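Coordinates in review
Listed below are the residues making up each chain.
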Amino acid sequence: MLQILAQNKFNIVLILVLFLLLLLILFPLENLISKILKTKISKVHIFSILVLVALSVIFYVSKLDFILSLPMIVFSFFVFLLGFLSERKYIYLLALISLGLTPIMLILKMEDIAEFFAQTCYLLLVLGVLKDIFYEKIFE
């Protein structure tokens, strides 16, 4: 058991950081963190620190892969933030566009890009459902 944890320590850290990012976006955690640290901290600062930690873990694990996949990582964050901050009809429209581009990329023999569009479609659908279920019930 400890050997499995030791082998996957960077994956565990990355998952925890990304989970904290999601919690930070969904809930007002900056107030709790400000009370604990006894200083005023904004959501932007916490978000920036968590993103930098996630990017440095990815860079430490695989430097060349990170450099090659950085544009996709930036685009994924853009899609996530755009999807979460926009109206739900735009989220589902982007998911539909991404779903339509997936078979086109497969026909053009671009499997990696097709996989990326499929993951983007899934991410947008999850964001749409999360926004429909949680956001309206918790904050309104």
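Residues numbered from 1 in each chain as written. Predicted model: local features only at pLDDT ≥ 70, side-chain atom pairs only at ≥ 80, totals over all residues. Heavy atoms only, no water.

**Quick word on the nonpolar core**
Formed by Leu14, Val17, Leu21, Leu24, Ile41, Ile46, Leu50, Val51, Ala54 and Val57, the largest nonpolar core amounts to 10 residues. Put simply, the parts of the chain that give this core at least two residues each are helix H2 (9-26) and helix H4 (43-61). With near-sequence residues (within four places) excluded, Leu24 lies in contact with Leu29, Glu30, Lys43, Ile46, Phe47 and Leu50. In this structure, Phe80, Ile91, Ala95 and Leu124 belong to the second largest nonpolar core, which totals seven residues. (Core = buried A, V, L, I, M, F, W, Y, C linked by side-chain atoms within 4.5 Å. Buried < 20%, exposed > 50% of the residue type's maximum accessible area, 1.4 Å probe, protein only. Helix = DSSP H or I, 4+ residues; strand = E, 2+ residues; numbered from the N terminus. Contact = heavy atoms within 4.5 Å.)

**Examining the side chain of Ser98**
When you line up the elements, Ser98 lands in helix H6 (residues 88-107). The buried category is assigned to Ser98, whose relative accessible area is 4%. A polar contact of 2.5 Å, which involves the side chain of Ser98, links it to the backbone oxygen of Phe117. Ignoring any residue separated from it by four or fewer positions in sequence, one finds Ser98 in contact with Phe117, Thr120 and Cys121. (Polar contact = N/O pair within 3.5 Å; in protein donor to acceptor, adjacent residues only side chain to side chain.)

**Some words on the environment of Thr102**
With respect to the helices, strands and loops of the structure, Thr102 is situated in helix H6. You can call Thr102 buried: its relative accessible area is 11%. In this structure the C-alpha to C-alpha distance between Thr102 and Leu50, which are 52 residues apart in sequence, comes to 30 Å. If we skip the residues at most four places from it in the chain, Thr102 touches Ala114, Phe117 and Ala118. In this structure the side chain of Thr102 is engaged in a polar contact, spanning 3.5 Å, whose partner is the backbone nitrogen of Ala118.

**Describing unusual backbone geometry**
The phi angle at Lys109 is positive, at roughly 60 degrees, despite the residue not being glycine. Note that Lys109 resides in the loop between H6 and helix H7 (111-139). By relative accessible area, which is 64% here, Lys109 ends up exposed.

**Thoughts on a nonpolar patch on the surface**
A cluster of nonpolar side chains, Met72, Ile104, Leu108, Met110 and Ile113, forms an exposed patch at the surface whose accessible area comes to about 410 Å². For Met110, a relative accessible area of 37% corresponds to the partly exposed category. (Patch = residues over 30% accessible without salt bridge, like charges linked within 9 Å, V, L, I, M, F, W, Y side chains within 5 Å. Areas by Shrake-Rupley, 256 points an atom, 1.4 Å probe, with all protein chains shown as cover. Salt bridge = Lys/Arg side-chain N within 4 Å of Asp/Glu carboxyl O.)

**Some remarks on the environment of Ile46**
Here Ile46 is to be found in helix H4. Relative accessible area serves as the criterion here: at 11%, Ile46 is assigned to the buried category. Sequence-distant contacts of Ile46, defined by excluding residues within four places in its chain, comprise Leu24, Glu30, Ile33 and Ile41.

Structural measurements only, silent on function.
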